[in-house]
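Fold and geometry: a report
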Amino acid sequence: MDSPSSSSVIIIGAGISGIAAAKVLAENGVEDILILEASDRIGGRIQKERFGGVSVELGAGWIAGVGGAESNPIWKLAAESGLRTFFSDYSNARYNIYDRRGKIFPSGIVADSYKKAVDSAIQTLRESNKNNNNGDSDSKALTPMELAIDFMLHDFEMAEVEPISTYLDFGEREFMVADERGYDYLLYKMAEEFLLTSEGRILDTRLKLNKVVRELQHSRNGVTVKTEDGCVYKANYVILSVSIGVLQSDLLSFNPPLPRWKMEVIEKCDVMVYTKIFLKFPYKFWQCGPGKEFFIYAHDRRGYYTFWQHMENAYPGSNILVVTLTNEESKRVEAQSDKETLREAMVVLRDMFGPNIPEAIDILVPRWWNNRFQRGSYSNYPIIPNLEDFHNIKAPVGHIFFTGEHTSERYNGYVHGGYLSGIDTSKALLEEMRKEKERKSENQTLLLEPLLALTGSLPLSHPDTVSNIHKCDIPKQLYLRDQLGIPEAKL
Ligand SMILES: Cc1cc2nc3c(=O)[nH]c(=O)nc-3n(C[C@H](O)[C@H](O)[C@H](O)COP(=O)(O)OP(=O)(O)OC[C@H]3O[C@@H](n4cnc5c(N)ncnc54)[C@H](O)[C@@H]3O)c2cc1C
């Protein structure tokens, strides 16, 4: 057992925010850090897996927000690492909407419905701004095509009717990562700069995998962290990068408990579940070529196997289809067997492409909701941003600093949100550490003044002792204080 050990800062979680935070600390001279990660890998919600002979991304797949005046920091990292990406254009998806008999809706009718859906969403947003509610639209009876468009607008494109900071700041283009090394290669490249690595493996003992943190005992003297395997670690500060879903769960306990203002904002934040289901086929039966990468299935149940993508642009010849489910549909599918999910998906595909298509030979269903280290895919704030909530979600509680995509005011939900939040949190912590140091040296002076006054009137047999006092650290002064009867200073 490797406990107890003591560090300046413990970082809990080795997703992009945790790794970015650790790197900033190391670059600023705080090298006695410890990263505790619950799973057996770094990356968190950036996770690749071998499927159907290629590397697929179960979590984040796109670099969203490219081509604008300002450069997306993740796009920069991807360029530096030579990550293979390609431009993704969902705008054509709306012209590939299939009904349940396999007929594609005429583009004129779809364009009309799409415009109406956007106008109605804007209207709802305006009204919600006026009435100060959260922008939920009244449930109206929608046709399967309208339901499909609604799903595409709100669940897949993340409600593009509002000005999303990511697209405003970094541009409207999105690039999909299709690299055998995976999206998480960016994290390894970052880690290489401050952790000991060899041939793509992190060997540094400051990163500990399979360490599930269960308890944080905190006071103004520091934080004691206890893990599921019975280890205990101590640090002056903790950076906590677990997802909002984990904060809402009972995986972590805080002693003393988190204050009410913190708990309230944690509870307030919605968690979105987003599931990409991968299906491998013996051969292609779908259309490829320009404008055909994405296609939609219109069903009378909203979000029922609605949004499809083929992976021929990413990996030609891979014969893989991906279908995206969200929220209640994601949870439903997570709870059933993969065999049942495969059966449902095949019925949908046969509706669209006819009865003679081949059976899928493999299926991969990620379970972000049931993963106790994630409990969802990303944070989703109410439409009307509340500045106090943003402040409270990232505000530290004593020596515990919070980071992660959910703490990013402008870019929550995205990889770049996680990355930038990690940097911001470490900068805030460095500032706090600097102030703490200043406070300590002020206290030191406060302690020394009466001491010097006293020693000035004492017959000193060893004059050197006085000048040595300046070199003393606080515990030694406290020791001297007791000996000389100096009044206690508040530390
Ligand atoms: C399916 C899906 C699709 C997505 N698509 C995109 C996309 O296309 N583009 C985009 O920009 N973003 C996308 N995202 C969002 C993006 O992946 C996240 O915003 C980002 O990766 C979050 O990083 P993070 O560091 O904040 O959190 P995480 O990556 O979740 O890191 C937190 C870490 O903490 C660890 N942890 C949790 N509990 C404990 C514990 N008790 N003890 C120790 N460690 C613990 C976790 O294992 C994890 O490694 C997607 C996410 C998902 C799930």
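Quick caveat, the model's predicted, so the values are computed rather than measured.

**Quick notes on the UniProt feature "binding site: FAD" (unreviewed entry) in the protein**
The feature "binding site: FAD" (unreviewed entry), as annotated in UniProt, sits at S17, E37, A38 and V213 in this numbering. Mapped onto the fold, S17 is located in helix α1 (residues 16-27). For S17, the residues in contact, after removing those within four places along its chain, are S241, T403, G404, E405, G418, Y419, S421 and G422. Its location among the elements puts V213 in strand β12 (residues 213-219). Classification of V213 as buried rests on a count of 24 C-beta atoms within 10 Å. V213 has contacts with I12, L36, A38, V225, T227 and L252, leaving out every residue within four places of it along the chain.

**A few points about the sheet that holds strand β5 (residues 62-66)**
The strand order across the open sheet built from 3 strands is β5-β8-β6, with neighbouring strands paired in antiparallel fashion. Every other strand in the sheet has two partners, leaving β5 and β6 (85-88) as the edge strands with one partner each. For this sheet, the mean angle separating the axes of adjacent strands, direction not counted, is 30°. Sheet topology note: the β5/strand β8 (residues 173-177) ladder contains 4 bridges and is antiparallel. Bridge pairing links V66 to R173 in β8.

**Observations concerning the nonpolar core**
Formed by 106 residues in total, the largest nonpolar core has its most connected members in I10, V238 and I296. Those residues in contact with I10 that lie beyond four places of it in its chain are L34, L36, V223, V225, Y233, A235 and V238.

**A few points about the sheet that holds strand β20 (residues 320-326)**
The sheet built from 6 strands is open, its strands ordered β7-β18-β19-β20-β17-β21 with mixed pairing. The open sheet has two free edges, formed respectively by β7 (97-98) and β21 (362-364), since each of these has just one partner strand. Bridge analysis of strand β19 (residues 307-310) against β20 gives 4 bridges, and the strand direction is antiparallel. Residue W308 lies in a different strand from β20, and its bridge partner there is V323.

**Examining the site of the ligand**
Around the ligand, 41 residues are found, and the nearest of them are G13, G15, S17, G44 and G418. Elements with a minimum of two residues in the shell around the ligand: α1, β5, β17 (274-280) and α12 (415-456). Taken together, the residues of the shell around the ligand sort by class into 21 nonpolar, 16 polar and 4 charged.

**Here's the deal with the environment of S379**
By the secondary structure assignment, S379 is in strand β22 (residues 378-380). On a C-alpha basis, the gap between S379 and N412 in space is 6.6 Å, while along the polypeptide they are 33 residues apart. In this view, S379 contacts I244, C269, V271, E405, H406, N412 and G413; residues no more than four positions away in its chain are not counted.

About the thresholds
Residues numbered from 1 in each chain as written. Predicted model: local features only at pLDDT ≥ 70, side-chain atom pairs only at ≥ 80, totals over all residues. UniProt positions renumbered as here; feature names shortened; annotations may be inferred. Helix = DSSP H or I, 4+ residues; strand = E, 2+ residues; numbered from the N terminus. Contact = placed C-beta atoms within 7 Å. Buried ≥ 20, exposed ≤ 12 C-beta atoms within 10 Å, placed from the backbone. Pairing = 2+ DSSP bridges. Axes fitted to C-alpha atoms, helices over the stretch in contact; angles between N-to-C directions. Core = buried A, V, L, I, M, F, W, Y, C linked by C-beta atoms within 7 Å. Near = placed C-beta within 6 Å. Nonpolar A, V, L, I, M, F, W, Y, C, P; charged D, E, K, R; others polar.

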